[in-house]
Amino acid sequence: MKVAHAKFVVSNTKVDQCPKSKIPEYAFIGRSNVGKSSLINMLCNQKKLAKTSSKPGKTQLINHFLINKKWHLVDLPGYGYARASKTEKKTFQKFIVDYFIKRKELVSAFLLIDIRHKPQPIDLDFLRWLGENLIPFSIIFTKADKIKEKEIEIKVSEYLDALMKDWDPLPKYFITSSEKRLGSEPLLNYIQEINQSIEKL
Ligand code: GTP
Ligand code: MG
């Protein structure tokens, strides 16, 4: 699938103010600065559709983007950045928790992980929480351009080892670089497959 049309719809902090249209929705979540907004821009072939910054904490709201007039991509605030207050660092802001629990249109979450980093408790805990709440998810490794190509496989298998303690089967994963514009096709095709299977229902 290619993204021919992408449009910002609305930002808010209240799940009941999210768009009413009953189209499939996919949300990007993960640590602040991991590259959620940049990935949305890469997938949509745009530079400034989602706001990005080298400083963590740029995205502060639930942002809906309408893709190909058929489905929503959602950019969420990150978690776990150093300047956040202690409670903010440990817990998710309530409106994000609410979003995941109440948003019926959400088909799948994508947890973004910086490929350079060792598995972090905050991400593993969040995945467990998604599982407990029966929210489907996949993993997207980001910033693959920051390491050598042969290191990519090593990092991914280290991460999968950590996931094996909690997950069988292991979650689906994607490897991306927004900088080098890598990895959008498998991700968009996966979303398209799900959309098509929903259309057939
Ligand atoms: P918050 O909104 O603060 O939660 O951050 P975010 O996850 O949306 O990250 P954002 O897309 O704003 O990117 C954070 C920084 O990482 C920016 O300086 C981006 O240019 C950089 N970045 C994002 N993706 C990549 C990537 O694939 N490769 C490299 N080298 N840098 C990246
Ligand atoms: Mg962002």
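Residues numbered from 1 in each chain as written. Chains lettered and ligands numbered in written order. Predicted model: local features only at pLDDT ≥ 70, side-chain atom pairs only at ≥ 80, totals over all residues. Heavy atoms only, no water.

1. Quick look at the sheet that holds strand E7 (residues 173-175)
Piece 1. The seven strands are arranged E1-E3-E4-E2-E5-E6-E7 in an open sheet whose pairing can be described as mixed. The open sheet is flanked by strand E1 (6-12) and E7, the only strands paired with a single partner. Sheet twist, expressed as the average angle between the axes of neighbouring strands with direction ignored, equals 25°.
Piece 2. One ladder, built from three bridges, connects strand E6 (residues 137-142) with E7; its direction is parallel. Along E7, the bridge assignment pairs Phe 141 with Ile 175. (Pairing = 2+ DSSP bridges. Helix = DSSP H or I, 4+ residues; strand = E, 2+ residues; numbered from the N terminus. Axes fitted to C-alpha atoms, helices over the stretch in contact; angles between N-to-C directions.)

2. With respect to the packing of helix H3 (residues 94-102) against helix H4 (residues 121-132)
Piece 1. Following both chains from N to C, one finds H3 and H4 inclined at 35°, their axes separated by 11 Å at the closest point. Note on packing geometry: the crossing formed by H3 with H4 is right-handed. Along the contact surface, H3 presents Val 97, Phe 100 and Ile 101, while H4 presents Phe 126, Trp 129 and Leu 130.
Piece 2. Among the residues making up the contact of H3 with H4, the classes are represented as six nonpolar, no polar and no charged. (Left-handed = near helix turned anticlockwise from the far one by under 90°. Contact = heavy atoms within 4.5 Å. Nonpolar A, V, L, I, M, F, W, Y, C, P; charged D, E, K, R; others polar.)

3. A word on the environment of Ile 29
Piece 1. With respect to the helices and strands, Ile 29 occurs in strand E2 (residues 25-30).
Piece 2. Of the residues examined, Ile 29 reaches a relative accessible area of 0% and is grouped as buried. (Buried < 20%, exposed > 50% of the residue type's maximum accessible area, 1.4 Å probe, protein only.)

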